[in-house]
Amino acid sequence: MTGPRRRGIMGGMSGPYVIRGSVSLPEAELMWRFSRSSGPGGQHVNTSDSQVELRFDLAATEALPPVWKQRALERLAGRLVGGVLTVRASEHRSQWRNRETAAVRLASLLAEATAPPPKPRRPTRIPRGINERRLREKKQRGDTKRGRSGRDWG
């Protein structure tokens, strides 16, 4: 036993889930809900609440920098219900592993949604020599094909 609460075989929950840099998911703002997983039965399998639903109030959080928050609200607009982002996990048979999966999934979703937009592409000019060579080769090819027509054979 470690401390007042008994931990699983793997130890405690693996720390704060980093979104990017020094910003991580605030444990206090995560809302957990557990329910029975669907799927094939078996002894004890559907009697434990192993499905995990993790909710994070994106609209009300103060953990993210304002710019990131705005970006995430815009990009995840389709997934939000009242400003709350919900992630479900039920792949694993143990609740603990599903909790890990859900938290990691939420962190990666937020990391993706808060990423800065890609730099705009600067159009580059094609060097004159390359363009001239292309036109020269085109002309040569056209001449070759023109030479194949059977006009001159009489």
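Since the structure is predicted, the reported quantities are computational estimates derived from the model, not experimental observations.

### What about the overall build of the protein chain?
Then, in step 1: Scanning the protein chain from terminus to terminus reveals three helices and five strands.
Then, in step 2: Overall, the protein chain shows an N-to-C arrangement of helices and strands of β-β-β-β-α-β-α-α.
Then, in step 3: Residues classed as buried in the protein chain amount to 25% of the 154 residues present.
Then, in step 4: Long-range pairs, those at least 24 residues apart, make up 64% of the contacts in the protein chain with a sequence separation of at least 6.
Then, in step 5: Per element, the accessible surface of the protein chain, about 11,700 Å² overall, is 53% carbon and sulfur.

### Let's talk about the nonpolar core
Then, in step 1: Within the largest apolar cluster, 25 residues are counted, with the highest numbers of intra-cluster contacts made by Ile19, Leu25, Leu58, Leu76, Leu106 and Leu110.
Then, in step 2: Looking at this core, the elements with two or more residues in it are β4 (51-57), α1 (66-75), β5 (84-89) and α2 (95-114).
Then, in step 3: Per element, the largest residue contribution to this core is eight residues, and it comes from α2.
Then, in step 4: When neighbours within four sequence positions are excluded, Leu106 is seen to be in contact with Leu25, Leu30, Leu54, Phe56, Leu85 and Val87.

### Observations regarding the confidence of the model for the protein chain
Then, in step 1: Of all residues in the protein chain, 81% attain a pLDDT of 70 or more, and the chain-wide mean is 78.
Then, in step 2: Mean pLDDT across the secondary structure elements of the protein chain bottoms out at strand β2 (residues 23-24), with 72, and peaks at helix α3 (residues 128-148), with 94.
Then, in step 3: Predicted confidence for residues 1-13 stays below pLDDT 50, and this span has eleven contacts to residues more than four positions away or in other chains.

### What about the environment of Arg93?
Then, in step 1: Within the secondary structure layout, Arg93 lies in the loop between β5 and α2.
Then, in step 2: For Arg93, a relative accessible area of 69% puts it in the exposed group.
Then, in step 3: Each C-alpha atom of the pair Arg93 and Ser50 lies 6.4 Å from the other, and the pair is 43 residues apart in sequence.

How each quantity is defined
Residues numbered from 1 in each chain as written. Predicted model: local features only at pLDDT ≥ 70, side-chain atom pairs only at ≥ 80, totals over all residues. Heavy atoms only, no water. Helix = DSSP H or I, 4+ residues; strand = E, 2+ residues; numbered from the N terminus. Buried < 20%, exposed > 50% of the residue type's maximum accessible area, 1.4 Å probe, protein only. Contact = heavy atoms within 4.5 Å. Areas by Shrake-Rupley, 256 points an atom, 1.4 Å probe, with all protein chains shown as cover. Core = buried A, V, L, I, M, F, W, Y, C linked by side-chain atoms within 4.5 Å. pLDDT = per-residue confidence, 0-100.

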